Amino acid sequence: ADRTHLPPTCDSVIYCHGPLLDTVQMAGLYNDSKTFVDMKIKVSQDDTLNHFYDMMNRTGSRPTKADVQEFVSQNFDPEGSEFEDWRPPDWKENPQFLSRIKDPLLHAWAADLHRLWLVLGRKMKPEVKLQQQLYSIIYVDNPVIVPGGRFREFYYWDSYWIIRGLLLSEMRDTARGMLSNFLNIVERIGFIPNGGRIYYAMRSQPPLLIPMMQTIQEERPDLPYLRQHIHTLDREFDYWLTNHTVEVEVGGHKYKLARYNDMSQGPRPESYKEDIDVARHLETTEKKEELYAELKAAAESGWDFSSRWFILNGTNKGNLTNLKTRSIVPVDLNAILCWNARLMADFHQRLGDPAKAEYYRALHEQWETAIHEVLWHEDVGVWLDYSLASARRRDYFYPSNVAPLWTGAYSQEKRDYYVSRVINYLDKVKVDIFEGGIPTTFEHSGEQWDYPNAWPPLQYMVVMGLHKSGSAAAARLAGELAAKWVRSNLRVWSRHRAMLEKYDATIFGGLGGGGEYVVQTGFGWTNGVILELLNTYGDVLTASEAFGSGAPSSGVVGAQLGGGGGVATALLVGIASLAATALGVVVYRRRRGLPPRAPGEVSRLLARGKRYTELRSLSGAPARQR
Ligand SMILES: OC[C@H]1O[C@H](O[C@H]2O[C@H](CO)[C@@H](O)[C@H](O)[C@H]2O)[C@H](O)[C@@H](O)[C@@H]1O
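Bear in mind the structure is a predicted one, so any value in this text is a computation, not a measurement.

Enquirer: Would you mind going over the overall build of the protein with me for this structure?
Expert: When you go through the protein residue by residue, the secondary structure sums to 23 helices and 15 strands. Accessible surface for the protein amounts to roughly 24100 Å². Of this, 52% is attributable to carbon and sulfur atoms.

So, in structure tokens, the structure goes:
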């Protein structure tokens with residue numbers, strides 16, 4: 001397709017396209033390409049460009065790295081220059097939800113996480129509003145809570161979990177301020193960009209604005225606020241309907257479903273060199289542009305990057321050059337949009353607009369039908385992504401396969417049926433045998449949204465989907481998965497005093513990795529998810545569990561000991577861990593009705609120093625390739 005008529009990622013000839021960006025980013029001055037595009041221009045855009053061309057003339061258009069570094073130092077202030085000190089005024093000690101957390105260790109940890117909002121709050125200096133052209137940050141009136149680390153600005157889908165966490169912390173003004181920022185941005189830009197920088201302004205992220213409004217309304221109903229902003233919500237929904245839907249024909253019927261997309265030219269400015277390098281082997285500009293579009297669409301999905309978006313000979317093998325994000329209809333995106341339609345019908349009903357309510361009700365029904373007809377698979381017992389390229393399902397495990405349970409995007413009359421099939425599916429793929437959480441995929445591509453990484457929003461979707469499904473078996477599984485996630489996060493916290501953006505599913509207390517930047521700490525959505533799990537399970541959940549319960553015991557012992565050093569402690573932890581793992585194998589197999597392992601088999605594996613990871617091969621799950 002011809003993409004030459006499309007606009008660049010944004011107008012700025014400094015932050016989004018043009019020779020200056022190309023020269024600086026290709027010089028590779030920083031470990032992280034995002035550093036440069038987050039810097040503030042010292043003087044004016046025109047002066048900066050003049051200084052750039054002076055430097056190019058001086059060096060015969062072949063500047064050395066040192067020349068480029070000097071130019072940047074002279075013309076730009078460091079990243080993060082747009083913020084001033086800010087303490088959220090609505091932060092207070094001891095919000096009520098803490099009292100629901102019975103276990104003293106978990107209680108103390110929750111109080112620490114509540115305190116982290118103070119660290120992650122960002123308020124823009126007034127001059128940012130007056131001199132937008134000197135910054136890449138998108139100005140918003142209200143302070144925000146950011147994810148943390150290199151993510152110094154708001155992120156669209158992250159903010160859903162952040163806002164929920166803030167409400168538990170009784171930080172209503174901050175939460176509502178963030179929602180108001182988003183509503184204001186939809187009015188200014190027409191949709192919510194991936195994140196709060198102009199270089200993100202041509203793509204979005206999973207559409208959670210309408211659920212954010214629902215979250216705020218649920219916590220404290222405010223009809224006038226809803227009325228004031230309902231048209232903005234209409235606009236956000238319409239953006240997705242207009243720019244992201246495709247027609248899918250199955251069994252002679254046509255259905256409308258959504259997929260991620262991109263309508264701009266050029267590589268991602270924040271990962272400029274990385275994208276140019278991936279596209280390097282392609283001969284034509286047209287082919288390069290197609291690949292850039294796939295990269296940007298993958299970033300829009302929030303799963304940047306993942307084998308989930310690879311298509312190679314009809315499989316999910318390959319690498320970034322095989323990205324075909326735009327050709328895949330994802331379960332989670334459609335589950336979220338179906339939910340959006342239901343919420344919008346409800347909002348309009350509450351506001352006394354039956355015509356609009358009916359419009360969204362019809363859309364919701366169509367979406368629900370399409371999800372069932374195209375994405376649900378009776379033989380597998382779950383929803384699966386759909387490939388537009390091959391007109392076939394993509395039968396791979398992703399936590400997002402069960403997203404319709406979370407968003408309620410299925411016929412409620414058949415609830416028990418869907419729920420029991422999904423539990424069987426999760427059991428079949430052995431989703432609960434991983435020591436550190438649910439892995440993102442079973443493919444080890446080296447990308448960050450792949451095995452063995454485990455991401456907070458995905459744990460949340462599965463746990464909450466099961467938790468609220470009304471089935472006792474589902475609730476039990478939800479509780480087990482939640483306990484494992486909470487304890488593994490706690491393990492990392494007790495060792496490193498850090499909350500991470502992602503973890504390693506295969507190691508209790510394991511750190512996430514892979515992808516194009518190092519694992520980040522902070523971390524907005526991680527804290528939000530843990531706070532909500534602690535709020536949900538705090539009356540029964542403990543930081544450790546007694547032996548023999550089938551829970552992952554190996555790391556729990558360490559967490560109890562606070563990850564302390566010393567040979568004796570390490571030995572104790574080691575012995576207890578081996579015993580617990582052996583016991584875990586027995587319990588795991590018994591619970592699933594599997595015959596016990598041959599005598600000595602488990603101890604032989606344990607003696608080889610392999611621990612819980614081996615449980616996966618013992619039970620048939622893929623082995624870790626790292
Ligand atoms: O700079 C690379 C990419 O970084 C972001 O993606 C990752 O972090 C986000 C913030 O936590 C998260 O929303 C996203 O799911 C992560 O993959 C950014 O969103 C991407 O657009 C960007 O290319």
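Enquirer: For this particular structure, what's the right way to read the packing of aromatic side chains?
Expert: Taken as a whole and judged by the stated rule, the model has 46 aromatic pairs. Consider the rings of Tyr410 and Tyr418, whose centres lie 5.2 Å apart with planes at 55 degrees: the pair is tilted. Across the pair, exposure class does not vary: Tyr410 and Tyr418 are buried alike. Here the basic side chain of Arg308 rests over the ring of Trp303, its NZ or CZ set 4.4 Å away from the ring centre. Over the ring of Tyr398 we find Arg308; its NZ or CZ atom is 5.3 Å from the centre of that ring.

Enquirer: I tried to follow helix α8 (residues 172-189) on my own but got confused; where do I start?
Expert: The α-helix advances 3.6 residues per turn, and as a result positions three or four apart in sequence lie on the same side. Spanning 18 residues, α8 covers 25 Å between terminal C-alpha atoms, matching the ideal 26 Å at 1.5 Å per step. Where α8 is buried, its residues contact β5 (144-145), α7 (156-168), α9 (209-219) and α10 (223-244). Taken from the residues just after α8, Gly190 is the one with a positive phi, measuring 105 degrees.

Enquirer: Explain empty space enclosed by the protein to me, please; I cannot follow it from the model alone.
Expert: With a probe scaled to a water molecule rolled over the atoms, the places where space remains empty come into view. Using the criterion set out here, one finds five cavities of 30 Å³ or more in the structure. Taken as a whole, the largest cavity holds about 260 Å³ of empty space. For the largest cavity, the lining is made up of 24 residues, of which Phe151, Tyr155, Gln205, Asp304 and Tyr517 are closest to its centre. Phe83, Met124, Ile137, Ile138, Val140, Val144, Glu153, Phe154 and Gly196 together form the lining of the second largest cavity. Of the residues that constitute the lining of the second largest cavity, the class distribution is seven nonpolar, one polar and one charged.

Enquirer: What am I meant to see in the site of the ligand here?
Expert: Around the ligand sit 21 residues, and of these Asp158, Asn194, Glu270, Gly302 and Asp304 come closest. Between the ligand and the protein, one listed contact pairs an oxygen atom with a side-chain N or O atom of Arg268 at 2.9 Å. Between the ligand and Gln448, the relevant distance is 3.5 Å, taken from an oxygen atom to a side-chain nitrogen or oxygen of the residue. A total of 470 Å² of accessible area belongs to the ligand in isolation, and the protein chains cover 100% of it. Partitioned by chemical class, the residues of the shell around the ligand number nine nonpolar, five polar and seven charged.

Enquirer: Looking at this model, I keep getting lost on the pairing of strand β7 (residues 253-258). Mind explaining?
Expert: Remark: a regular strand shows side chains that alternate across the two faces of the sheet. Taken together, the six bridges between strand β6 (residues 245-250) and β7 define a ladder with antiparallel strand orientation. The residue bridging Thr245 from the neighbouring strand is Ala258, located in β7.

Enquirer: Would you mind going over the pairing of strand β4 (residues 121-124) with me for this structure?
Expert: Bridge count between strand β3 (residues 83-84) and β4: two bridges; the pairing is antiparallel. Bridging from a neighbouring strand, Phe83 pairs with Met124 of β4. For β4 and β5, the ladder comprises two bridges, and the chain directions are antiparallel. Looking across to β5, one finds that Gly121 is bridged to Ile145.

Enquirer: I'm lost on the nonpolar core in this one. Help?
Expert: Considering soluble globular proteins, one finds that nonpolar side chains tend to be buried as a cluster. Residues Trp109, Trp161, Leu233, Trp383, Trp406, Leu426 and Leu466 are the most contacted members of the largest nonpolar core, which totals 190 residues. In terms of residues, this core owes the most to one element, helix α13 (residues 331-350), which gives twelve residues. Among residues more than four places away in sequence, those in contact with Trp383 are Val331, Ile371, Leu375, Trp376, Asn401, Val402, Pro404, Leu405, Tyr410, Tyr418 and Val422.

Enquirer: What is the right way to look at the sheet that holds strand β14 (residues 503-504) in this model?
Expert: One key point about sheets: their strands pair by backbone hydrogen bonds, in either a parallel or an antiparallel sense. Pairing within the open sheet is antiparallel, and its three strands lie in the order β13-β14-β15. Single-partner strands in this sheet number two, and they are β13 (453-454) and β15 (510-511). Relative to β15, β14 runs antiparallel, the two being bridged by two bridges. Paired with Tyr503 across the strands is Leu511, a residue of β15.

Cut-off values and rules
Residues numbered from 1 in each chain as written. Predicted model: local features only at pLDDT ≥ 70, side-chain atom pairs only at ≥ 80, totals over all residues. Heavy atoms only, no water. Helix = DSSP H or I, 4+ residues; strand = E, 2+ residues; numbered from the N terminus. Areas by Shrake-Rupley, 256 points an atom, 1.4 Å probe, with all protein chains shown as cover. Phe/Tyr/Trp six-rings, centres within 6.5 Å; stacked < 30°, edge-to-face > 60°. Buried < 20%, exposed > 50% of the residue type's maximum accessible area, 1.4 Å probe, protein only. Lys NZ or Arg CZ within 6 Å of the ring centre and 35° of its normal. Expected span 1.5 Å × (residues − 1). Contact = heavy atoms within 4.5 Å. 1 Å grid on protein atoms, 1.4 Å probe; cavity = no way out; pocket = protein on both sides within 12 Å on 5 of 7 lines; lining within 4 Å. Points joined across faces, edges and corners; volume = space filled by probe spheres on them. Nonpolar A, V, L, I, M, F, W, Y, C, P; charged D, E, K, R; others polar. Near = heavy atom within 4 Å. Polar contact = N/O pair within 3.5 Å; in protein donor to acceptor, adjacent residues only side chain to side chain. Pairing = 2+ DSSP bridges. Core = buried A, V, L, I, M, F, W, Y, C linked by side-chain atoms within 4.5 Å.

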